[in-house]
Amino acid sequence: MKASGKATITQENYLKTIWELSQEGGSSSGSKIATELGVTPPAVSLALRRLAKEEYLKLGKDGKISLTSNGRKTAEDLIIRHRLIEKLLAEVLGMEWYKVHEEAEKLEHAVSPEMEERLFKLFGRNGTCPHGNPLGRAALRKIENAVLLFEAPPGMKATVARIYEKDRTFLEYLDRLGIIPQGNLEILGKMPDDTLKLKIGGRMVTLGKKASTRIWVEPKK
């Protein structure tokens, strides 16, 4: 049974979550989806069966979940709208970069194709959202020449390319440290417990492994 008409808001959220989990290097599973969306595993199982019936995704016998071309397009369309809304909130309305994700989550489903096109005319298609994610159709998580901050070599002078955007408390913490998208820092070294020593704006700061594996950097130009 092919999908008929536009996906529902709930379906869009499931598809976006599956897409994001796959882009973060892990596999999608019912338990991970349940955690991300804050729902029960039985609810996830039911939703996945419906999505498979409407050909948004395929369910493998081993439990593997893979999006169909229609499911991937639906997810990426929503992600693009989300990033455009984030940029609108930050650059036009002046909202702090660490607040815009939560607001965009509420507004992304209401963006029409006409509004999306107007936002592209305003911002262009080659920019990024406030967290460093690309705006255009190639809305993929990989950024050329970018590496995880945790894996960057000592002595590297770097620019923050992208930051994991879902945890506002984490984003506010980074903002206080001065670790912001397009901001600069220098990796001084790594301590035995994997804590990084950084230099940011003339200050010495430390950052744990969990935080440094949620930040992507590229060589400073």
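Scroll up to find the structure this text is about.
Residues numbered from 1 in each chain as written. Predicted model: local features only at pLDDT ≥ 70, side-chain atom pairs only at ≥ 80, totals over all residues. Heavy atoms only, no water.

S.K.: Whenever I open this one, the overall build of the protein confuses me. Can you help?
M.R.: On a plain count of helices and strands, the protein comes out with eight helices and eight strands. In summary, the protein has a C-alpha radius of gyration of 19 Å against a globular reference of 17 Å for 221 residues, a match within 12%. Across its three principal directions, the C-alpha atoms of the protein cover 60 × 40 × 30 Å. Classification of the 221 residues of the protein by burial places 45% in the buried group. A separation of at least 24 residues holds for 66% of the contacts in the protein among residues at least 6 apart in sequence. Total accessible area on the protein is roughly 11,800 Å²; 52% of this is exposed by carbon and sulfur atoms. Looking at charge distribution, the protein has the averaged site of its 37 positive side-chain charges lying 3 Å from that of its 29 negative ones. (Helix = DSSP H or I, 4+ residues; strand = E, 2+ residues; numbered from the N terminus. Rg over C-alpha atoms; globule rule 2.2 N^0.38 Å. Buried < 20%, exposed > 50% of the residue type's maximum accessible area, 1.4 Å probe, protein only. Contact = heavy atoms within 4.5 Å. Areas by Shrake-Rupley, 256 points an atom, 1.4 Å probe, with all protein chains shown as cover. Lys, Arg positive; Asp, Glu negative; His and termini not counted. Charge placed at Lys NZ, Arg CZ, Asp CG, Glu CD.)

S.K.: Honestly, the packing of helix 1 (residues 9–23) against helix 3 (residues 41–53) in this entry has me stumped. Any pointers?
M.R.: When two helices pack together, you describe them by how their axes are tilted relative to each other and by the distance separating the axes. For the pair helix 1 and helix 3, interaxial distance at closest approach is 11 Å and the crossing angle is 95°. What the angle tells us is that helix 1 and helix 3 run roughly perpendicular. Of helix 3, the residues touching helix 1 (which contributes Gln11, Tyr14, Leu15 and Ile18) are Ala43, Val44, Ala47, Leu48 and Leu51. Looking at side-chain class alone, the contact of helix 1 with helix 3 contains eight nonpolar, one polar and no charged residues. (Axes fitted to C-alpha atoms, helices over the stretch in contact; angles between N-to-C directions. Parallel < 35°, antiparallel > 145°, perpendicular 65-115°, else oblique. Nonpolar A, V, L, I, M, F, W, Y, C, P; charged D, E, K, R; others polar.)

S.K.: Even after reading the chapter, I still don't get the pattern of salt bridges, so can you show me in this structure?
M.R.: If the charged atoms of two oppositely charged side chains come close together, the side chains can form a pair. Within this structure, the stated rule accounts for 15 salt bridges. Glu108 is paired through a salt bridge with Lys16; the nearest N and O atoms lie 2.9 Å apart. Highlighted residues: Glu108 in the loop between helix 5 (100–107) and helix 6 (113–123) and Lys16 in helix 1, separated in sequence by 92 residues. Residue classification places Glu108 among the buried positions, given a relative accessible area of 0%. A salt bridge links Arg168 to Glu172, with the nearest nitrogen and oxygen atoms 3.0 Å apart. Taken as a pair, Arg168 and Glu172 lie in helix 7 (residues 168–177) at a separation of four residues, close to a single helical turn. Glu172 sits in the partly exposed class, given a relative accessible area of 24%. Connected through salt bridges with shared partners, the residues Lys6, Glu12 and Arg81 form a single ionic network. (Salt bridge = Lys/Arg side-chain N within 4 Å of Asp/Glu carboxyl O.)

S.K.: I would appreciate a short explanation of the environment of Ser45 in the present structure.
M.R.: Position of Ser45 relative to the elements: it lies in helix 3. A C-alpha to C-alpha distance of 9.4 Å links Ser45 and Ala34, two positions 11 residues apart in sequence.

S.K.: Honestly, empty space enclosed by the protein in this entry has me stumped. Any pointers?
M.R.: Inspection of every chain in the model, using the stated rule, returns one cavity of 30 Å³ or more. As for the largest cavity, its lining consists of 10 residues, of which Glu20, Ile79, His82, Arg83 and Glu165 are closest to the centre. In terms of residues, the lining of the largest cavity owes the most to one element, helix 4 (residues 69–92), which gives three residues. (1 Å grid on protein atoms, 1.4 Å probe; cavity = no way out; pocket = protein on both sides within 12 Å on 5 of 7 lines; lining within 4 Å. Points joined across faces, edges and corners; volume = space filled by probe spheres on them.)

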